[in-house]
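Chain by chain, the residues:
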Amino acid sequence: MKKAIKINLSGIIFHIDDDAYEKLKAYLDTISRHFSNKQESKEIIDDIETRIAELFQERITEENQVINLQIVNEVIDIMGNPEDIADSGEETEGKRTFHDAYTTSKRLYRDPENSVIGGVCGGLGAYFNVDPVIFRLLFVIFFFAGGASILVYVILWIVLPKAETAAQKLEMRGEKVNVSNLEKKIREEYDNVKDSVKENVSRARNSETYKRTERAASDFFEVLGKILLVFVKVILIIIGTSLVIAGIGILVGLITLPFVGIHVFPFESYNFSLGDLLMPFTDPVSVTLLVIAVTLLVLIPIAAMIYGLIKLIFNLKSSNRGLGVGAMTLWIVSLLLIIGIVAFESSHYSDSGRDSFSQELLIGSDTLVVAVNEAQEEYLDDESIFDLDEQWYLLEDADAYYGRIDLDIERASGEEFVIEIEKESKGRSWERARENASNLNYNFRTSDNQLILDSYFSVDLENKWRFPRVEVILRVPEGKVVVLDRATRDILEGVRNIDRLSDWNMAGKTWVMTEEGLEKIAD
Amino acid sequence: MNIENAKAQMRKGILEYCILSILAKKDLYTTDIINALKDNDLIVVEGTLYPLLTRQKNAGLLKYRWEESTQGPPRKYYTLTDIGRAYLKELDESWDALIKSVNSIKNIK
């Protein structure tokens, strides 16, 4: 079994053996290398190819449809060796001597195989043996920095010749133009042939009409089309580059997000990180895993988009399958990890439990003044780094997690003031929930006829935040008076009163408990 | 000095003249020209003809047109231009003169 490829000679498709193709390609390249005038060389090669096509056709039979090495050798014998062919045209131009053709000097060419617009950057890259992307970036950067680079590019485009023959391509890279290098280069080109076969086929279809058309006209449209194509490409590159720069900005922002604090709520200028936010809910290991997983979940698609854009802009053909599959796997693992941790953690909230406590306040007075613990308020105001609607506080170097209490005032059944504290929490089971509830810390104190309430309860750092709630119910006997300090306005929650005042407005006023409920007696 | 090389040099010098002479009678396509030259032992390998034709075309002596072919690729038919004809006429004269000169030199006793 032998591998055969398709080639197009003067608009006719031939199937040719692998080795025969290489021989033919090397032959034609050697001929074209002998002519210094590009235009002339192309014409001569075209003519020779046409003749070879005829000779091939004569040799194709019903039984043997494929051009083999023997046929190629025969045809080369008929056409003659490259030196003879070149010799016969020597008078036109100063013939490139053997020495010249085999020179090792490096020349600047445009690289058609590695081109985005005109192959200038590709050629520069080949000349300096640097990745052309660097030159492209420089051109784009200088374009944004003043625009002169476009002019430079256009001048280079016009001035630099395109590297077309294998010899020129070697010269572009500064490699020695000798037989073994030529062979290497030709083998590389052969690898590209498969890609261009399709193109050749469509060209073959059009070739007859093409040749009949006036060359000038077709050249004109070809040039016009190229200019349009370049125009579109330049616009795409500019848009794409902006997108890539924006994308990299977002990427950098997102990488730093989970680890460094950011301002989340514009109205609260506290810094917190994703890790800080998660710490109250779960253990440090899960927090670390979650932060990493969330980061990957967000970063991978953005990185993929940036990669795709860069590929699009700079015409990179190489696609790393392994990398793509790896990234996709990592993304799915991240997603599963998040789902897993969240599912596991959510079991901690499946049941709820209460822990109640009540105490008579023996104050020896008919008037009770309700105030809040100012020291605690100040402490939290100074230290908090995250404050969710003033309900839940995270502290820098926190000693505990804090939550705001609710204060309700109702009628007492007996003759004394009674304070009731209802602690509530979630837990994996009813018992655990009740245990969590009883672990909530809440303090109040009385002095003379004052009841001083902490506005906040706290959860010890080692006890996680299981959506706790603390409600303080003050029971006032009928006919007795409560004076609500202004500071209680933040903790009063849905207190019913005859005057139908809102919690906010109830604070700072004096109230008496009547048969119907609380009634305002003084501002 | 080798004889084959000398013969080749001689042939090469007159090849240009022969191409124009062949085309003076009628328009031909490349392979016809090759066959005519081959039949008369003026060329050994075909490849040598193409640079010559291109050069003559570029010099304005020849022009060509495309013609479709029933078998194979479209064919380039070459024609002498007016310049080509004038050029050929001068070559004809110089050829005759050359023959005369050579013969008379050979006949010197």
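Here is what the cut-offs are and how they apply
Residues numbered from 1 in each chain as written. Chains lettered and ligands numbered in written order. Predicted model: local features only at pLDDT ≥ 70, side-chain atom pairs only at ≥ 80, totals over all residues. Helix = DSSP H or I, 4+ residues; strand = E, 2+ residues; numbered from the N terminus. Buried ≥ 20, exposed ≤ 12 C-beta atoms within 10 Å, placed from the backbone. Contact = placed C-beta atoms within 7 Å. Pairing = 2+ DSSP bridges. Core = buried A, V, L, I, M, F, W, Y, C linked by C-beta atoms within 7 Å. Nonpolar A, V, L, I, M, F, W, Y, C, P; charged D, E, K, R; others polar. Axes fitted to C-alpha atoms, helices over the stretch in contact; angles between N-to-C directions. pLDDT = per-residue confidence, 0-100. Expected span 1.5 Å × (residues − 1). Parallel < 35°, antiparallel > 145°, perpendicular 65-115°, else oblique. Left-handed = near helix turned anticlockwise from the far one by under 90°.

## Describing the overall build of chain A
Okay, step 1: Summing up its helical and strand segments, chain A has 17 helices and 19 strands in all.
Okay, step 2: Residues classed as buried in chain A amount to 27% of the 523 residues present.
Okay, step 3: Look at the contacts in chain A between residues 6 or more apart in sequence, and 67% of them connect residues 24 or more apart.

## Let's talk about the overall build of chain B
Okay, step 1: Secondary structure assignment for chain B yields four helices and three strands.
Okay, step 2: In chain B, the share of contacts with a sequence separation of at least 24, taken over all contacts with a separation of at least 6, comes to 47%.

## Quick word on the pairing of strand S12 (residues 417-427) of chain A
Okay, step 1: The pairing of strand S6 (residues 351-361) of chain A with S12 of chain A spans eleven bridges and is classified as antiparallel. Residue Glu360 of chain A lies in a different strand from S12 of chain A, and its bridge partner there is Val418 of chain A.

## Some points on the nonpolar core
Okay, step 1: Ranked by size, the top nonpolar core spans 40 residues in total, and within it Ala20, Ile52, Phe56, Ile67 and Val75 of chain A together with Leu49 of chain B carry the most contacts.
Okay, step 2: Apart from residues no more than four positions distant in its own chain, Ile67 of chain A is found in contact with Phe14, His15, Ile16, Asp17, Ala20, Phe56 and Val72 of chain A.
Okay, step 3: Membership of the second largest hydrophobic core comes to 32 residues, among which are Val372, Val459, Leu474 and Met506 of chain A.

## Considering the interface of chain A and chain B
Okay, step 1: Contacts between the two partners involve 24 residues from chain A and, on the opposite side, 20 residues from chain B.
Okay, step 2: Contributions of two or more residues to the side of chain A that touches chain B are made by helix H2 (38-59), helix H3 (69-79), helix H4 (82-87) and helix H10 (179-212) of chain A.
Okay, step 3: In terms of residue count, H2 of chain A provides more of the side of chain A that touches chain B than any other element does, ten residues in total.
Okay, step 4: Per-class residue counts for the side of chain A that touches chain B are seven nonpolar, eight polar and nine charged.

## What about the sheet that holds strand S3 (residues 66-67) of chain A?
Residue and element names in this part refer to chain A.
Okay, step 1: Across the sheet, which stays open at both edges, the three strands sit in the order S1-S2-S3 with mixed pairing between neighbours. Strand pairing shows two members of the sheet lacking a second neighbour, strand S1 (4-9) and S3, which therefore form its edges.
Okay, step 2: Bridging between S1 and strand S2 (residues 12-17) involves six bridges; their strand directions are antiparallel. Bridge pairing in S2 places Ile7 opposite Phe14.
Okay, step 3: The sheet strands contacting helix H1 (residues 18-33) are S1, S2 and S3, and the helix crosses S2 at an angle near 115 degrees.

## Details of the confidence of the model for chain B
All names here are of chain B.
Okay, step 1: Mean pLDDT over chain B stands at 85; residues scoring 70 or higher make up 99%.
Okay, step 2: Element-level pLDDT for chain B is lowest in helix H1 (residues 3-25), with a mean of 82, against a maximum mean of 90 in helix H4 (residues 82-106).
Okay, step 3: Quick note on the complex model: pTM equals 0.45, ipTM equals 0.82.

## Here's the deal with H2 of chain A
Okay, step 1: Over its 22 residues, H2 of chain A extends 31 Å from the first C-alpha to the last, a length consistent with the 32 Å expected when each residue adds 1.5 Å.
Okay, step 2: Looking at H2 of chain A, one finds that the buried residues are Ser41, Ile44, Asp47, Ile48, Glu49, Thr50, Arg51, Ile52, Ala53, Glu54, Leu55 and Phe56 of chain A.

## Description of the packing of helix H6 (residues 120-128) of chain A against helix H7 (residues 132-144) of chain A
Residue and element names in this part refer to chain A.
Okay, step 1: Where H6 contacts H7, the two axes come as close as 7 Å, and the packing angle between them is 130 degrees. Classified by the interaxial angle, the pair formed by H6 and H7 is oblique. The chirality of how H6 crosses H7 is right-handed. Between H6, through Cys121, Gly122, Leu124 and Gly125, and H7, the contact on the second element is made entirely by Pro132, Phe135, Arg136 and Phe139.

## Things to note about the packing of H1 of chain A against H3 of chain A
The description of two packed helices rests on the angle between their axes and on the distance between the axes.
Residue and element names in this part refer to chain A.
Okay, step 1: Their axes nearest at 8 Å, the elements H1 and H3 cross at an angle of 20 degrees. Between H1 and H3, the angle falls in the class roughly parallel. Seen along the crossing, H1 lies across H3 with a hand that is left-handed. Where H1 approaches H3, its residues Asp19, Ala20, Lys23, Leu24 and Tyr27 are matched on the opposing element by Leu69, Ile71, Val72 and Ile76.

## Overview of the sheet that holds strand S18 (residues 510-513) of chain A
Residue and element names in this part refer to chain A.
Okay, step 1: In space, the six strands of this open sheet follow the order S13-S14-S7-S17-S18-S19, with mixed pairing throughout. Each edge of the open sheet is held by one strand with a lone partner, namely strand S13 (444-447) and strand S19 (518-522). In this sheet, neighbouring strand axes are inclined to one another by 25 degrees on average, regardless of whether the strands run parallel or antiparallel.
Okay, step 2: As judged from the four bridges shared by S13 and strand S14 (residues 450-453), these two strands associate in the antiparallel manner. Its bridge partner being in S14, Phe444 is matched across the sheet by Leu453.

## Observations regarding the pairing of S2 of chain A
Residues and elements named next belong to chain A.
Okay, step 1: Here S1 folds back onto S2 in antiparallel fashion, the turn holding two residues, of which Ser10 has a positive phi close to 50 degrees.
Okay, step 2: Pairing geometry for S2 and S3, over two bridges, is parallel. Directly across from Ile16, in S3, lies its bridge partner Ile67.

## Examining H6 of chain A
All names here are of chain A.
Okay, step 1: Burial within H6 is extensive, with seven of its nine residues counted as buried.
Okay, step 2: Inspection of H6 places Val120, Cys121, Gly122, Gly123, Leu124, Gly125 and Ala126 among the buried residues, and these make up the whole buried set.
Okay, step 3: Once H6 finishes, Asn129 follows within two positions and takes phi at roughly 60 degrees, a positive value.

## Let's talk about the confidence of the model for chain A
Residue and element names in this part refer to chain A.
Okay, step 1: Per-residue confidence for chain A gives a mean pLDDT of 78; residues scoring 70 or more make up 78%.
Okay, step 2: Here residues 91-103 is a poorly scored stretch, pLDDT under 50, and it has 13 contacts once near neighbours within four places are set aside; other chains count.
Okay, step 3: Below pLDDT 50 for its whole length, residues 261-269 participates in nine contacts with residues either more than four positions away or in separate chains.

## So, the environment of Trp430 of chain A
Residue and element names in this part refer to chain A.
Okay, step 1: By the element assignment, Trp430 lies in helix H16 (residues 430-438).
Okay, step 2: Spatially, the C-alpha atom of Trp430 lies 9.0 Å from that of Arg354, the residues being 76 residues apart in sequence.
Okay, step 3: When near neighbours in sequence (up to four residues on either side) are disregarded, Trp430 contacts Asp351 and Gly353.

## Details of the environment of Arg445 of chain A
Okay, step 1: Examined against the element boundaries, Arg445 of chain A turns out to sit in strand S13.
Okay, step 2: Separated by 84 residues in sequence, Arg445 of chain A and Leu361 of chain A place their C-alpha atoms 9.9 Å apart.

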